[in-house]
Amino acid sequence: KDYQEEHIMGLYDKEKDDRMIAKSREAFAKEEGLAQGLVRGIKKGKLEQNISIATNMLQKKFSIDVISEVTGLSKSKIRSISL
(Lines give C-alpha, C1' and ligand atoms only; values in the text may rest on other atoms or scores of the structure.)
Protein backbone atom coordinates (compact mmCIF):
# COMPACT_ATOMS: atom_id res chain seq x y z
CA LYS A 1 0.00 0.00 0.00
CA ASP A 2 2.82 2.43 0.77
CA TYR A 3 4.24 1.77 -2.69
CA GLN A 4 0.89 2.64 -4.29
CA GLU A 5 0.66 5.87 -2.31
CA GLU A 6 4.23 6.80 -3.23
CA HIS A 7 3.51 5.97 -6.86
CA ILE A 8 0.35 8.09 -6.87
CA MET A 9 2.15 10.98 -5.16
CA GLY A 10 4.99 10.67 -7.68
CA LEU A 11 2.48 10.86 -10.54
CA TYR A 12 0.86 13.87 -8.90
CA ASP A 13 4.24 15.61 -8.52
CA LYS A 14 5.15 14.83 -12.13
CA GLU A 15 1.83 16.21 -13.34
CA LYS A 16 2.38 19.31 -11.24
CA ASP A 17 5.91 19.70 -12.64
CA ASP A 18 4.63 19.21 -16.18
CA ARG A 19 2.07 21.99 -15.66
CA MET A 20 4.74 24.31 -14.28
CA ILE A 21 7.02 23.58 -17.24
CA ALA A 22 4.18 24.21 -19.69
CA LYS A 23 3.37 27.53 -18.00
CA SER A 24 7.04 28.52 -18.13
CA ARG A 25 7.21 27.69 -21.83
CA GLU A 26 4.05 29.69 -22.49
CA ALA A 27 5.42 32.67 -20.59
CA PHE A 28 8.72 32.47 -22.48
CA ALA A 29 6.95 32.24 -25.84
CA LYS A 30 4.76 35.20 -24.94
CA GLU A 31 7.75 37.32 -23.92
CA GLU A 32 9.65 36.29 -27.04
CA GLY A 33 6.66 37.28 -29.18
CA LEU A 34 6.41 40.63 -27.43
CA ALA A 35 10.11 41.26 -27.97
CA GLN A 36 9.83 40.41 -31.66
CA GLY A 37 6.83 42.71 -31.98
CA LEU A 38 8.71 45.51 -30.28
CA VAL A 39 11.69 45.10 -32.63
CA ARG A 40 9.37 45.12 -35.65
CA GLY A 41 7.61 48.22 -34.35
CA ILE A 42 10.88 50.05 -33.84
CA LYS A 43 12.06 49.12 -37.35
CA LYS A 44 8.74 50.25 -38.83
CA GLY A 45 8.96 53.52 -36.91
CA LYS A 46 12.49 54.18 -38.16
CA LEU A 47 11.43 53.44 -41.74
CA GLU A 48 8.43 55.78 -41.44
CA GLN A 49 10.68 58.48 -39.98
CA ASN A 50 13.20 58.10 -42.81
CA ILE A 51 10.42 58.24 -45.39
CA SER A 52 9.14 61.43 -43.78
CA ILE A 53 12.62 62.93 -43.86
CA ALA A 54 13.06 61.87 -47.50
CA THR A 55 9.70 63.42 -48.40
CA ASN A 56 10.73 66.72 -46.82
CA MET A 57 14.10 66.61 -48.55
CA LEU A 58 12.44 65.91 -51.92
CA GLN A 59 10.20 68.92 -51.40
CA LYS A 60 13.30 71.02 -50.75
CA LYS A 61 14.82 69.71 -54.01
CA PHE A 62 17.67 67.67 -52.50
CA SER A 63 19.13 65.13 -54.92
CA ILE A 64 18.15 61.47 -54.60
CA ASP A 65 21.82 60.62 -53.97
CA VAL A 66 22.00 62.98 -50.96
CA ILE A 67 18.63 61.80 -49.60
CA SER A 68 19.77 58.19 -49.86
CA GLU A 69 23.01 58.99 -48.06
CA VAL A 70 21.22 60.87 -45.25
CA THR A 71 18.32 58.48 -44.71
CA GLY A 72 19.83 55.15 -45.69
CA LEU A 73 16.87 54.53 -48.00
CA SER A 74 17.52 52.99 -51.39
CA LYS A 75 17.35 55.24 -54.41
CA SER A 76 14.48 53.18 -55.80
CA LYS A 77 12.54 53.64 -52.55
CA ILE A 78 13.12 57.40 -52.72
CA ARG A 79 11.99 57.45 -56.35
CA SER A 80 8.79 55.62 -55.36
CA ILE A 81 8.14 58.31 -52.71
CA SER A 82 8.56 61.08 -55.25
CA LEU A 83 5.99 59.59 -57.64
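Residues numbered from 1 in each chain as written. Predicted model: local features only at pLDDT ≥ 70, side-chain atom pairs only at ≥ 80, totals over all residues. Heavy atoms only, no water.

Caption draft 1: Looking closely at the nonpolar core. By size, the foremost hydrophobic cluster in this structure holds 6 residues: Ala54, Met57, Leu58, Ile67, Leu73 and Ile78. In this view, isoleucine 67 contacts Ala54, Met57, Leu58, Phe62, Gly72 and Ile78; residues no more than four positions away in its chain are not counted. (Core = buried A, V, L, I, M, F, W, Y, C linked by side-chain atoms within 4.5 Å. Buried < 20%, exposed > 50% of the residue type's maximum accessible area, 1.4 Å probe, protein only. Contact = heavy atoms within 4.5 Å.)

Caption draft 2: Highlighting the environment of arginine 25. Along the polypeptide, arginine 25 turns up in helix H1 (residues 2–59). Measuring from C-alpha to C-alpha, the distance between arginine 25 and leucine 47 comes to 33 Å, with 22 residues separating the pair along the chain. (Helix = DSSP H or I, 4+ residues; strand = E, 2+ residues; numbered from the N terminus.)

Caption draft 3: Expanded view of helix H2 (residues 64–71). Listed as buried for H2 are Ile67, Ser68 and Thr71. Taken around the axis of H2, the buried residues stretch over an arc of 100°, which confines them to a single face. Exposed side of H2, more than 90 degrees from the buried face: Glu69 and Val70 are the residues found there. Phi turns positive one or two residues past the end of H2, at glycine 72, with a value near 85°. (Arc of directions from axis to C-beta.)

Take it as geometry only, folks, not as evidence of what the structure does.
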